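Below are the chains, spelled out letter by letter.
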Amino acid sequence: MLFKMAGISAGALVSIALMSSGALAQTIGFSQIGSESGWRAAETTVTRQEAEKRGIDLKFADAQQKQENQIKALRSFIAQGVDAILLAPVVATGWDSVLEEAKEAEIPVVLLDRMVDSSKDLYLTAVGSDLVHEGEVAGNWLVDTLAGKQCNVVELQGTTGSSPAIDRKTGFENAIKGHDNIKITRSQTGDFTRTKGKEVMESFLKAEGGGANICALYAHNDDMAVGAIQAIKEAGLKPGTDILVVSIDAVPDIFVAMAAGEANATVELTPNMAGPAFDALAAFMKDGTMPEKFIQTESKLYTQADDPKGEYERRKDLGY
Amino acid sequence: MNGAARFARRIAPQLAILAAILVLISIVFPGFFEVRIANGRLYGSPIDILNRGAPVALLAIGMTLVIATRGIDLSVGAVMAICGATAAWGSTEGYALPATLALSIAAGLACGLWNGFLVAVLRIQPIVATLILMVAGRGIAQLITEGAILTFNQEGLIFIGSGSILTVPTPVIIWMIAGLLFTLVVRWTALGMLIEAIGVNLRASTLAGVNSRVLLIAVYMASGLCASFAGIIAAADIRGADANNAGLWLELDAILAVVIGGTSLLGGRFSILASLIGALIIQAMNTGILLSGFPPEFNLIIKALIVLTILVLQSPATRTAAIFFRRQPGTDPADTRTVTP
Amino acid sequence: MAENPPLLRAEAVSKGFPGTIALDAVDFTLVAGEVHALLGENGAGKSTLIKCLTGAYRRDSGDVLLEGQLIHPRDPLDAQGLGIGTVYQEVNLLPNLTVAENLFLGHQPRRFGFVSQGRLKSQARETLSHYGLNIDVSRNLDTYSVAVQQIVAIARAVRLSGKVLILDEPTASLDAHEVQMLFEVIRTLKRRGLGIVFISHFLDQVFDVSDRITVLRNGRLVGTERVGDLDRMKLVNMMLGRELEQETRVTGRTDAPSGGPHLTFERFGRSGRMAPFDLAVRRGEVIGMAGLLGSGRTETAEAIFGVTPHDSGDARKDGERIDLKSPRDAVAAGFGFSPEDRKTDGIIGDLSIRENIVLALQARAGWSRPIPPRRQVELADQFIRRLDIRTSDAEKPVGLLSGGNQQKVMLARWLATNPTFLVLDEPTRGIDVGAHAEIIRLIEELCAQGMSLLVISSELDELVAYSHRVIVVRDRRHVAELAGAEITTDSIVKAIASHEAEQQA
């Protein structure tokens, strides 16, 4: 009990955004990491939208990249007796005790987007994307599009050693395995940023005969692809035509490029993790249906045929 | 020894290192020196080095002046992000290009004024004083961009990042002119000497009537100004302001450029040109690594080894040894001197 | 004494630096059980000789023999191992360690591999008792006076080396009592058979403690004499190579300029540093200021020059009120200030002589109006000639000059601004006899030209020689003013000392 008292006072400091709960509506607490990227901001926006759609009273706490803030927020949620908790954990470890407190209070916890290293019975389920699968979707698109034509691919990796970079590389390599017409000729890190994407692509173009030896670009995220597209244009080539461009994330700017014919395909990492989470919670609360321990979100492929202008409009105000 | 000879001797080591690295790259990547004109602009790896080196070169100009006063400016990377974000914001709000640029430059100067105030007036140690803005600056930039990459389409602004004047990329022209102007200003006026004086001995300079407080504020503002140029170029280059990544860690590259350029972190004598060559050395390394085709896991190790080699070659101990070995073969003047009883 | 076998012998040792020969075939012999003074103006080659003996420099040619064995010390640590220990003016120990730790650092008594604090302390007490020191060895070194630190440094050097002890200006920052304490230690060590090399600018001390004297000039040996065979005049002549015009004045100058005050300070003070004082200075007047260290001499100068601006009273120049809130204000008012601590407050070590000389003038002109390079060179050359600054050229970093020449550069810096009022804080401290005389002559010359000066000095003879008036300060107050014939060393001492009497009363 002492714990909970401490939780209230500490929680009051961090959860300025908390509002008093509605009389009948379900109350769900959401501990978000912060807003370190456009995608994260979009996830927050979409989560709020999804909650509103379902009439859920969402209590939002921004942890500003700090686990201690998240733990405080969780304790505060528990102390207020919310009906459920959504947690996007900033790190994988150190959650056991606070998750046990939630379990004792019989509050189900759903993990969003990232996993934790705690026992599986401490949370109801986890909603997330399969990074390897994303790479596979991108690879499969290239295999299908080329239909057997010879193709040298250059790859812009994410930050060296990060799990999205490793998994998206693995997935893409899985997909092109056995297709001898496709070969990755150069692979460098672009640190997931536009600037580095552009700089590295410039060097690829120089190293590969001014781009003549490059048939396709695979970028681990859209931002690097956007930077690379500019490098391709500045080298006097047509991105999307002379060099195919496929990337992952589906941020608004890549749809602008697709609408202009400068990018070919992107695989969506949906910011809508909360929708499936709310659905699983609703089913669990209604009749105790236990969801799967991992709910994989769809890694949807978008091409130039999928109304890129419309997709841009739909996304541009989500906070990307 | 006249001025020109002294100057040549000052920058000779940096030029030698740059040449060595360029030769090394051309061995790993034979087509390196090919430069042609494509789309009305110079195109080739050497041009990439000049072009991609622009942000660090600009930062190094301001950093040289700050370090000459025995200070350091850790905030320049974050200030780049702020100024890039300001420019992008101005552009998306529909301001004309001059107004957008003025806003961004004003933001850079304001950041420099803040740093200078902390250092010169409150007398906070420079490394701590500028650390504040280094941490807070990115937050400020994020507030301006609202956490997302703020994309813009103003042709004039984009021209600064990826246009060209007489086939030379605009960023190259900007940093070269900035380097030239700053050099002329500090050497044609007394600023250079006064900055060196307060760097060597702040108290003694103040006692000699040097207005050290104003000078200190001025060098941090110069650093902020250079960071704003760099920030505008970085944003214009990708047609968007990336508050999280613009200028990330570039303060360290800028400091390294100044150190490779031979300006002591203990303040005093400085050379902007040598720092600019230092910046080119760093960018040549980066470009060389990218062209080499090594797996990215090796990038940092290769860079570290090259930097280590340069710094070891420049270290006082190595220099002493070099002089020693150079003297060995010839006759030592002391040996030939007649000894009078 | 001299009939003992030579302990340390230098034979035709030479050392050159780019542009200069610092030491030209110098012979030097030290025997066991003697105190051997090494004298010469700054730049004569004393430091270079010492550094060649201790391995701080590698000699270019010549032999160094210790007890007949040729030695080639690589560095001072190596020399220490061979038996040659050195103690410098600035004590090079670690102020934040205890006395005992400083004494044994690196050679602590160990028990089972651990430093034994108990034995460390008892051995330290034992060691220091031989030096007449009875102090708490577990207190930090910096809680003791410089004299005690000096003796600890000597004790450490003797313990580690034990044959030759080199003392490089050990008395520069000691008072008379402390000097005697140090000399007792030196005499004890002499009786124990050590050879001691003693470097000092104070001729009285040299005569007091030394057995033999070796004089160097311009890197060459002038001669070695027994103290009994020398008198002061002969020694000074050896050092300067010319007859020094003896300043024989015994009272202050009575040729005080007439006319109204040029500068007036009224109730001028800074709380916590200097009680308010009144002072009027006429054109062409030299005002001396005497007092013990920390009595308020430097504080007065710093308040006048705006270093620590005054917070009471005001200043007028020719009747007009002037601002003195910062050194810039003071420079604008035509003031110049040569501070006591040349190294930290005066010279800009890494910059050239030329830049150091033009600095104040340039600072006053502002950054946007650079002094043309040619004019800078002219100014520098002019002052190098006029003040006889010994250097190979004006582009040499000023930090490489000797103390006396640095002091001349400081004076040149201010003279270049054509000041009407010059404040000199200990202008002759730590510089050699020749430069000393030149600076005194310069002070007289400047006042003859109509410049007003305020000169702070601990050398009372000197004050008597050039002052029209002498202000005596103690306890941060101006307590006495002597004028003209009233000024004698005795009267100054009395004015300073009456303080002691008051306190005892």
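Not measured: the values here are computed from a predicted model.

Novice: What is the right way to read the domain arrangement of chain C from this model?
Specialist: Much of the literature gives interface size as the accessible area that the parts lose upon coming together. Assigned domains of chain C: these are domain 1 (6-96 + 140-240), domain 2 (249-334 + 419-505) and domain 3 (343-416). Taken over C-alpha atoms, the centre of domain 1 of chain C sits 31 Å from the centre of domain 3 of chain C.

Novice: Explanation requested: helix 5 (residues 146-160) of chain C in the structure shown.
Specialist: Along an α-helix, residues three or four positions apart point the same way, because every turn accommodates 3.6 residues. All names here are of chain C. With 15 residues, helix 5 extends 21 Å from end C-alpha to end C-alpha; this agrees with the ideal 21 Å at 1.5 Å per step. In terms of residue burial, helix 5 counts as a mostly covered element, since 13 of its 15 residues are buried. Among the residues trailing helix 5, G162 stands out with phi positive, at a value near 90°.

Novice: What is the right way to read the interface of chain A and chain B from this model?
Specialist: Counting residues at the interface gives 30 residues for chain A, matched by 32 residues for chain B. Of the roughly 2,600 Å² buried between chain A and chain B, counting both surfaces, carbon and sulfur atoms make up 48%. There are three salt bridges connecting chain A and chain B. The salt bridge partner of D48 of chain B is K206 of chain A, with a shortest N-O separation of 2.7 Å. Here chain A and chain B share 12 residue pairs in polar contact (both at pLDDT 80 or more) between them. Of all the secondary structure elements, the ones that give two or more residues to the side of chain A that touches chain B are strand 7 (182-189), helix 7 (194-207) and helix 8 (222-234) of chain A. Counting residues per element, the side of chain A that touches chain B draws most heavily on helix 7 of chain A, which supplies 10 residues. Across the side of chain A that touches chain B, the residue classes break down as five nonpolar, 14 polar and 11 charged.

Novice: Quick question: what am I supposed to make of the interface of chain C and chain B here?
Specialist: In this assembly, 38 residues from chain C lie in contact with 27 residues from chain B. When chain C packs against chain B, close to 2,600 Å² is buried across both sides, 63% of that on carbon and sulfur atoms. For the interface between chain C and chain B, the tally reads three salt bridges. One salt bridge connects D345 of chain C with R203 of chain B, and the closest N-O pair in it is separated by 2.7 Å. In this assembly, chain C and chain B are joined by eight residue pairs in polar contact (both at pLDDT 80 or more). Among the secondary structure elements, those contributing two or more residues to the side of chain C that touches chain B are strand 1 (6-17), strand 2 (20-31), helix 10 (327-332), helix 11 (342-346), helix 12 (353-365) and helix 14 (403-415) of chain C. With six residues, helix 12 of chain C is the single largest residue contributor to the side of chain C that touches chain B. Residue composition of the side of chain C that touches chain B, grouped by class: 20 nonpolar, eight polar and 10 charged.

Novice: Looking at this structure, I do not really get helix 6 (residues 126-145) of chain B. What am I missing?
Specialist: All names here are of chain B. In this model, helix 6 (20 residues) spans 28 Å end to end at C-alpha, consistent with the 28 Å of a helix rising 1.5 Å per residue. For helix 6, the principal kink sits at A136 and spans about 35°. Considered for burial, the residues of helix 6 that qualify are P126, A129, T130, L133, G137, R138, A141 and T145. Looking at the packing, one finds that the buried side of helix 6 touches helix 4 (76-92), helix 5 (97-121), strand 3 (150-151), helix 11 (212-238) and strand 6 (240-241). One or two residues past the end of helix 6 sits E146, with phi positive at roughly 60°.

About the cut-offs
- Residues numbered from 1 in each chain as written.
- Chains lettered and ligands numbered in written order.
- Predicted model: local features only at pLDDT ≥ 70, side-chain atom pairs only at ≥ 80, totals over all residues.
- Heavy atoms only, no water.
- Domains from an automatic or database assignment.
- Helix = DSSP H or I, 4+ residues; strand = E, 2+ residues; numbered from the N terminus.
- Expected span 1.5 Å × (residues − 1).
- Buried < 20%, exposed > 50% of the residue type's maximum accessible area, 1.4 Å probe, protein only.
- Contact = heavy atoms within 4.5 Å.
- Buried area = accessible area lost by both parts, 1.4 Å probe.
- Salt bridge = Lys/Arg side-chain N within 4 Å of Asp/Glu carboxyl O.
- Polar contact = N/O pair within 3.5 Å; in protein donor to acceptor, adjacent residues only side chain to side chain.
- Nonpolar A, V, L, I, M, F, W, Y, C, P; charged D, E, K, R; others polar.
- Bend = angle between axes of the 7 residues up to and from the residue.

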